[in-house]
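Structure assessment
Take a look at the letters that make up each chain.
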Amino acid sequence: MKQNNVSPSLTLLALAISAFAIGSTEFISVGLLPMIVETFNVSLAQAGLTVSIYALGVTVGAPILTILTGQINRKKLMIGIMLTFIIGNILAAVAINFPMLLAGRIISALAHGIFMSVSTVIAADVVAPSKRASAIAIMFTGLTVATVTGVPLGTFIGQQMGWHFSFWFIVVVGVIGLIADAWLIPKELPSPGRITSKGILRILRSKELMFALLATAFGYGGTFAAYTYLSPLLEKYVGYSANGVVVLLIVYGIMVAIGNTVGGKLTNRNPLSALLKMFIGLLGALLFLFFTVQHFYLGTLGVLMMGIFAFMNVPGLQLYIVQLAEEKAPSDILLASALNISAFNIGITLGASVGGQITSRVGLLYTPLGGAGMVFIAILLIIQLQRWNKTNVKL
């Protein structure tokens, strides 16, 4: 449907541009870690905080801000989100010390957390009910394109001009997104209304929902034990130059995009069965990378395999939590979705932290093994969810 003479396609384009900025900044630090280490004279594990603390900010921000902003006009809220996002990245761009950089990352992360919930609702509201799934998919293309091009481009800018300019690049994209949102998002959109914190308790009391959230955290997060430290891993062990890392990150992003698309199609009918197969594939990819990382060609293949399976599980995890919430907590579906966003980022925090501990205690080489351990836990959780699901069907 059209509102205020704004084409739904243009509204979705505005959301996709903002999503591109959001997606670019989430993982931009991965390609900049060696430069951040050199600039601030911190350890690699400490530099990894720029990834894990960002994820922690999203984790806290998604459910809390979803509750606090339920009654605010959607357009005004989106403008406020993008302004906050821009301020956070400006702070990171001008950071003169490591704590200042972390502060900028936290501010950006809070904007990210609420963006995911709000943009999904807006995308669904500007089109006819029969087209909502397609509209949300279009909005999420911004995140996919960011993975394929935004992060490698930001890394390249950092290598050529200094890592500060990578954040200025994101600021520019964020400003474009802000202008597009202010111009193309309809003024009058329905708000979810009052959302209470009691919904969180109702969700957490359900063992099935809790296991699903834990599966998201461990299964999605396992990749980040290795991915967070992928740039130094590629340079030190696989044998890539700094420029070679940028090229491989682009190819890795393409693999992620392919995996994400395939994952969405595979999970339409039976999310749990598909997720189990995806996690087994991811476990195999991480173990393969661990055993081949010191061989150029096989190590490269391992990285690409990890890319295929890394985000393949995302559509299924999000679809399953919504389906489960419809059954177990029908009044808290939006909050369950927000908590799953938190779970994704708890996984990133946990994975990056596990990778950091392994890097400092055992060595960078063993980070894929830590990720494999996390994914194995997710596999066990999915198997238990399947058992409960079969029991419910029999009843």
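Shown above is the structure to which this text applies.
Here's what I pulled together on the structure shown here.

Analysis parameters
Residues numbered from 1 in each chain as written. Predicted model: local features only at pLDDT ≥ 70, side-chain atom pairs only at ≥ 80, totals over all residues. Heavy atoms only, no water. Phe/Tyr/Trp six-rings, centres within 6.5 Å; stacked < 30°, edge-to-face > 60°. Helix = DSSP H or I, 4+ residues; strand = E, 2+ residues; numbered from the N terminus. Buried < 20%, exposed > 50% of the residue type's maximum accessible area, 1.4 Å probe, protein only. Expected span 1.5 Å × (residues − 1). Polar contact = N/O pair within 3.5 Å; in protein donor to acceptor, adjacent residues only side chain to side chain. Patch = residues over 30% accessible without salt bridge, like charges linked within 9 Å, V, L, I, M, F, W, Y side chains within 5 Å. Areas by Shrake-Rupley, 256 points an atom, 1.4 Å probe, with all protein chains shown as cover. Salt bridge = Lys/Arg side-chain N within 4 Å of Asp/Glu carboxyl O. Arc of directions from axis to C-beta. Core = buried A, V, L, I, M, F, W, Y, C linked by side-chain atoms within 4.5 Å. Axes fitted to C-alpha atoms, helices over the stretch in contact; angles between N-to-C directions. Parallel < 35°, antiparallel > 145°, perpendicular 65-115°, else oblique. Left-handed = near helix turned anticlockwise from the far one by under 90°. Contact = heavy atoms within 4.5 Å.

1. Points about the packing of aromatic side chains
- Following the criterion strictly, the structure yields 14 aromatic pairs and no others.
- Pairing Y227 with Y252 gives two aromatic rings, centres 5.2 Å apart and planes at 15°, and the pair type is stacked. Of this pair, Y227 sits in helix α10 (residues 224-227) while Y252 sits in helix α12 (residues 242-266), and the two are 25 residues apart along the sequence. When sorted by exposure, Y227 lands in the same class as Y252, which is buried.
- An aromatic cluster is defined as three or more aromatic residues linked by ring pairs; in this entry it consists of Y220, F224, Y227, Y252, F311 and F344.

2. A closer look at helix α4 (residues 74-93)
- For α4, with 20 residues, the first-to-last C-alpha span of 28 Å sits near the 28 Å given by 1.5 Å per residue.
- Near the N-terminus of α4, the side chain that reaches the backbone nitrogen of K75, with its oxygen 3.0 Å away, is that of N73.

3. Observations regarding a nonpolar patch on the surface
- A cluster of nonpolar side chains, I90, V94, M161, F165 and W168, forms an exposed patch at the surface whose accessible area comes to about 430 Å².
- Among the secondary structure elements, F165 is positioned in helix α7 (residues 163-184).

4. Description of helix α15 (residues 314-328)
- When the terminal C-alpha atoms of α15 are compared, their 21 Å separation across 15 residues agrees well with the 21 Å that a helix rising 1.5 Å per residue should span.
- Those residues of α15 not exposed but buried are G316, L317, Y320, I321, L324 and A325. For α15, the angular spread of the buried residues around the axis is 160°, confining them to a single face.

5. Some words on unusual backbone geometry
- The phi dihedral of N41 is positive, around 55°, even though this residue is not glycine.
- Note on placement: N41 falls in the loop between α1 (8-40) and α2 (44-47).

6. As for the nonpolar core
- Ranked by size, the top nonpolar core spans 120 residues in total, and within it F27, L101, W163 and Y227 carry the most contacts.
- Considering each element in turn, this core owes the most residues, 14 residues, to α1.

7. Considering the environment of K277
- Along the chain, the position of K277 falls in helix α13 (residues 271-292).
- Exposure remark for K277: the relative accessible area of 59% places this residue in the exposed category.

8. Points about the packing of helix α11 (residues 230-238) against helix α14 (residues 296-310)
- In contact at an axis separation of 11 Å, α11 and α14 are set at 165° when each is read in the N-to-C sense. Of the possible angle classes, the one that applies to α11 and α14 is roughly antiparallel. At the point where α11 passes α14, the crossing takes the right-handed sense. Where α11 approaches α14, its residues L230, L234 and V238 are matched on the opposing element by F296, T300, V303 and M306.

9. Digging into the pattern of salt bridges
- Overall, the coordinates contain two salt bridges when judged by the stated rule.
- Here E208 ties to K328 by a salt bridge, and the two come within 3.6 Å at their closest N and O atoms. Taken together, the positions of E208 in helix α9 (residues 207-221) and K328 in helix α15 put the pair 120 residues apart, joining distant regions of the chain.
- By relative accessible area, E208 is classed as buried at 10%.

10. A look at the side chain of N345
- Mapped onto the secondary structure, N345 falls in helix α16 (residues 333-361).
- According to the relative accessible area criterion, N345 is buried, its value standing at 4%.
- From its side chain, N345 meets the backbone oxygen of I341 in a polar contact 2.8 Å long.
- When neighbours within four sequence positions are excluded, N345 is seen to be in contact with E26, A55, V58 and T59.

11. Looking at the environment of I377
- Among the secondary structure elements, I377 is positioned in helix α17 (residues 367-394).
- In this structure I377 comes out as partly exposed when scored by relative accessible area, which is 36%.
- Residues I377 and F218 lie 159 residues apart in sequence; the distance between their C-alpha atoms is 6.6 Å.

12. Regarding the packing of α15 against α16
- Orientation of α15 relative to α16, taken along the N-to-C sense of each, is 145°, at an axis distance of 9 Å. When the axes of α15 and α16 are compared, the crossing they make is right-handed. For the pair α15 and α16, the contacting residues are V314, L317, Q318, I321, V322, A325 and E326 in the first and I333, A336, S337, N340 and F344 in the second.

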